[in-house]
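Each chain, letter by letter, is given below.
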2 protein chains.
Amino acid sequence: MSKKPSLAVVGATGAVGTVMLDILSKRKDVYGEIRLIASARSAGKKLTCRGQELTVVALTPEAFEGIDIAMFDVPDEVSKEWAPIAVGKGCVVVDNSGAFRMDKDVPLVVPEVNPDQVKNRSKGIISNPNCTTLSMIVAMGALHKQYGLKELVVASYQAASGAGQSGIDTLRDQISKVANTSVGDTAGDIHKVISDHGPFPAPLALNVIPWAGSLKEDGYSSEELKVRNESRKILGLANLKVSVTCVRVPVLTTHSLAVHAIFEKEVSRQVAQDVLKNAAGVELVDDPENHKFPTPADVVGTDPTWVGRVRKSLDDANALDLFVCGDNLRKGAALNTAQIAELVAAEF
Amino acid sequence: MSKKPSLAVVGATGAVGTVMLDILSKRKDVYGEIRLIASARSAGKKLTCRGQELTVVALTPEAFEGIDIAMFDVPDEVSKEWAPIAVGKGCVVVDNSGAFRMDKDVPLVVPEVNPDQVKNRSKGIISNPNCTTLSMIVAMGALHKQYGLKELVVASYQAASGAGQSGIDTLRDQISKVANTSVGDTAGDIHKVISDHGPFPAPLALNVIPWAGSLKEDGYSSEELKVRNESRKILGLANLKVSVTCVRVPVLTTHSLAVHAIFEKEVSRQVAQDVLKNAAGVELVDDPENHKFPTPADVVGTDPTWVGRVRKSLDDANALDLFVCGDNLRKGAALNTAQIAELVAAEF
């Protein structure tokens, strides 16, 4: 690195943007200027990053002038419009929306799994995977290297903040509404105290909702297809068999996943635990005798992918079952984006 | 039926017992006397059943005199001791504990799936399956009949009441403690407001816990092995491949399961939906376009097994993914026990 590249954070005021400023303040300081960009509505707002107060500027083409790397955390349609504009202004874009993830000219990068893909950015854009995929893929990448992954069956336990700040606000509001009531025992009585579902299709407090994203073909949700398609692209396994059911749970932040993984070779519980223990970015907590396993309450706010409940399938010598947790705003979004940006920054 | 058999409800004051009295009050009245039995601590308590006030009597051998059918909902060790005593007093016992479920001389019955097994009670005892198994098995039995089941991969979303009344009380107390606080954003901060875990190994409010039951071999929980072993016994498939990860979620009542089911034959989404729509004891709610799928908030307090999110696997023509909900205190416990007892009552 011969110069410190300048960085823009686009979407600095959202749930992920807020975590990003915290992450940028704590990781190795590899940047020159950091510029915060958001919608015109948030322009002028003052936020703190690296101990400095910064004023948010509005998203305009001029906002990207003099910027080397631009991290985007904005809705798909905003990324679709603005990432090419930023590239046109000379930026490398690291985008956390779904807009470009499956574009064959845009690499989808997890630094612990496929860091070399950062170079293949013929459009000047690198995509950051979906938070649900990211919450498990570092662990699965390590196990794939050991055993060769053939198939994944995944059930998710997704946090409210996967739907952004309004998801967090909605769940907090609903929890305060059901607290100290007797609702929850009779069909539909939760509806009597909760009428505002926020970004969710049903009440989330004292409930689980088997839905995340929008409807795609054959009854699948967009979130389920993302996990399948993105896992295949990141691992470079075009024919990986993947079945996913995505479910929202009343947790504020940290996605969990129950994963049944089938490999090319016979697995060993002990070896799998050792692989995970030694994998970069993974923390193994697997001592059920002492009730030690990852839970969102302990994982939230941390960087690694946490893995526990590692078991060899009783009926398939080539299969493992495990439970994985990752902070969906950190590794699931801001942290991985920051890690990708650091790989780009190292080129300067 | 020529006489109305007399019935004892053992464990009448527990979470399942309370639901049982409601169920007995609403179903067809096939019994003569109904006698409520509980621990000495609860003796003398007055409870209402079939519109009548009944006084709870203490669990003694004499309590079973004149009783034809005794339904037990008590801990394993109490069933182990007292079910043979009740049989000795001439009762047929329908037991909802784990004490006898895997005994080869005790049938494990789900009336919609294997009603004929009721007759094979050489010990005078019929077992009711575990609530997690019961929450999905009616739906899986119907699909098995159509396609021949080969393998199940299950992830559960289990309600607090699966751990009894103390589970319900604990979750309600924890919800009131986290309401109107800002906890949930930082690792461990939920621990600052929740110190009483009740029957759970970690805080449950705003959290999920990948554990239910006690530790068995190779890292499995007792609950996970129950789902495997009981599914095999109920379906009569001794070699059914079953992988299960059991997870507790902050829902009061109603277990949910994400099920990946592999069959002998190629499946069709439409046919599977039709099979489920026409299956006794199953309600299909599968219209994701209009956000219609089962959630615990709508299922709690109802009798059927609710199924939604039916999808044909994109990578395995013989596999279906679905989401199943069942009230763990009703079909998962009291209702199925009552249904078994009615099969026995019909013999009188």
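As recorded in an unreviewed UniProt entry, chain A goes by Aspartate-semialdehyde dehydrogenase and comes from Candidatus Nanopelagicus abundans. Taken directly from UniProt, the Catalytic activity (unreviewed entry) text for chain A runs: "L-aspartate 4-semialdehyde + phosphate + NADP(+) = 4-phospho-L-aspartate + NADPH + H(+)". Note on chain A: under the UniProt heading Function (unreviewed entry), the record states "Catalyzes the NADPH-dependent formation of L-aspartate-semialdehyde (L-ASA) by the reductive dephosphorylation of L-aspartyl-4-phosphate."

## Some remarks on the interface of chain B and chain A
The extent of an interface is frequently quoted as the accessible surface area lost upon association of the parts. At the junction of the two partners, chain B supplies 76 residues and chain A supplies 76 residues. Across the interface of chain B and chain A, roughly 6100 Å² is buried in total on both sides, 59% from carbon and sulfur atoms. Along the contact surface separating chain B from chain A lie 10 salt bridges. R311 of chain A is paired through a salt bridge with E224 of chain B; the nearest N and O atoms lie 3.3 Å apart. Between the two partners, chain B and chain A, sit 40 residue pairs in polar contact (both at pLDDT 80 or more).

## What about the domain arrangement of chain A?
Residue and element names in this part refer to chain A. For chain A, the domain assignment lists domain 1 (7-128 + 334-346) and domain 2 (133-159 + 208-326). The centre of domain 1, based on its C-alpha atoms, is set 27 Å off from the matching centre of domain 2. In this complex, domain 1 contributes 13 residues to the contact, which on the side of domain 2 involves 13 residues. Here domain 1 packs against domain 2, burying approximately 1100 Å² in sum over the two surfaces, 68% of which is carbon and sulfur. Counting every contact that joins domain 1 to domain 2 gives one salt bridge. Applying the counting criterion to the domain 1 and domain 2 interface returns four residue pairs in polar contact (both at pLDDT 80 or more). Tallied by class, the residues present in the side of domain 1 that touches domain 2 amount to six nonpolar, three polar and four charged.

## Concerning helix α9 (residues 330-345) of chain B
Residue and element names in this part refer to chain B. Spanning 16 residues, α9 covers only 19 Å between terminal C-alpha atoms, well under the ideal 22 Å at 1.5 Å per step. Within α9, the axis deviates most sharply at N336, by approximately 35°. Buried residues dominate α9, accounting for 14 of its 16 residues.

## Here we look at the side chain of D286 of chain A
Residues and elements named next belong to chain A. Looking at where D286 falls in the secondary structure, it is placed in the loop between β12 (282-284) and α8 (296-299). Among buried charged residues, D286 stands out as having no salt bridge; its nearest opposite-charge side chain is R269, 4.1 Å away. Within the structure, D286 has its side chain in polar contact with the backbone nitrogen of R309 (distance 3.1 Å). A distance of 3.1 Å separates the side chain of D286 from the backbone nitrogen of V310, its partner in a polar contact. In this structure D286 touches R269, Q273, K292, G308, R309 and V310, once residues within four positions along its chain are discounted.

## Topic: the packing of helix α1 (residues 15-26) of chain B against α9 of chain B
Residues and elements named next belong to chain B. Interaxial distance between α1 and α9 falls to 9 Å at its minimum, and their mutual angle equals 50°. Comparing their axes, α9 and α1 come out oblique. Handedness of the α1/α9 crossing: right-handed. Across the interface between the two elements, V16, V19, M20, D22 and I23 of α1 pack against R330, A333, A334, L335, T337 and A338 of α9.

## Things to note about the sheet that holds strand β10 (residues 241-245) of chain B
All names here are of chain B. The strand order across the open sheet formed by six strands is β10-β9-β11-β14-β13-β12, and the pairing between neighbours is mixed. Strands with a single pairing partner mark the edges of an open sheet, and in this sheet they are β10 and β12 (282-284). Between one strand and the next, the sheet's axes are offset by a mean angle of 25°, whatever the strand orientation. Sheet topology places β12 next to strand β13 (residues 305-312); three bridges connect them, and they run parallel. Looking at the pairing, L284 lines up with V307 of β13. On the sheet, helix α3 (residues 131-147) packs against β9 (149-157), β11 (255-263), β12, β13 and β14 (319-326) and is oriented at approximately 30° with respect to β11.

## Digging into the sheet that holds strand β7 (residues 92-95) of chain B
Residues and elements named next belong to chain B. Ordered in space as β5-β2-β1-β6-β7-β8, the six strands form an open sheet in which the pairing is parallel. Of all strands in the sheet, those bounded by a partner on one side alone are β5 (57-58) and β8 (125-127). Sheet analysis places strand β1 (residues 7-10) next to strand β6 (residues 69-72), joined by four bridges and oriented parallel. Its bridge partner being in β6, L7 is matched across the sheet by I69. The sheet contacts of α1 involve β1, β2 (34-38) and β6, and relative to β1 the element is tilted by about 155°. Of the strands in this sheet, β6, β7 and β8 are in contact with α9, which crosses β6 at around 170°.

## Notes on the UniProt feature "binding site: substrate" (unreviewed entry) in chain A
Residues and elements named next belong to chain A. Under the UniProt annotation, "binding site: substrate" (unreviewed entry) lies at Q158 and R248. These annotated residues cover 91 residues of sequence, and their C-alpha atoms all fall within 4.5 Å of one another, placing them together at a single site. By secondary structure assignment, the location of Q158 is in the loop between β9 (149-157) and α4 (165-178). In contact with Q158, other than residues within four places in its own chain, are T132, A212, E223, C246, V247, R248, V249 and H255.

## Notes on unusual backbone geometry
Its identity is not glycine, yet R309 of chain A carries a phi of approximately 55°, on the positive side. With respect to the helices and strands, the residue R309 of chain A is situated in strand β13 (residues 305-312). By relative accessible area, which is 1% here, R309 of chain A ends up buried. Notably, L206 of chain B is not glycine yet its phi reads approximately 55°, a positive angle. Note that L206 of chain B resides in the loop between α5 (189-193) and α6 (222-235).

The rules behind each value
Residues numbered from 1 in each chain as written. Chains lettered and ligands numbered in written order. Predicted model: local features only at pLDDT ≥ 70, side-chain atom pairs only at ≥ 80, totals over all residues. Heavy atoms only, no water. UniProt positions renumbered as here; feature names shortened; annotations may be inferred. Contact = heavy atoms within 4.5 Å. Buried area = accessible area lost by both parts, 1.4 Å probe. Salt bridge = Lys/Arg side-chain N within 4 Å of Asp/Glu carboxyl O. Polar contact = N/O pair within 3.5 Å; in protein donor to acceptor, adjacent residues only side chain to side chain. Domains from an automatic or database assignment. Nonpolar A, V, L, I, M, F, W, Y, C, P; charged D, E, K, R; others polar. Helix = DSSP H or I, 4+ residues; strand = E, 2+ residues; numbered from the N terminus. Expected span 1.5 Å × (residues − 1). Bend = angle between axes of the 7 residues up to and from the residue. Buried < 20%, exposed > 50% of the residue type's maximum accessible area, 1.4 Å probe, protein only. Lys, Arg positive; Asp, Glu negative; His and termini not counted. Axes fitted to C-alpha atoms, helices over the stretch in contact; angles between N-to-C directions. Parallel < 35°, antiparallel > 145°, perpendicular 65-115°, else oblique. Left-handed = near helix turned anticlockwise from the far one by under 90°. Pairing = 2+ DSSP bridges.

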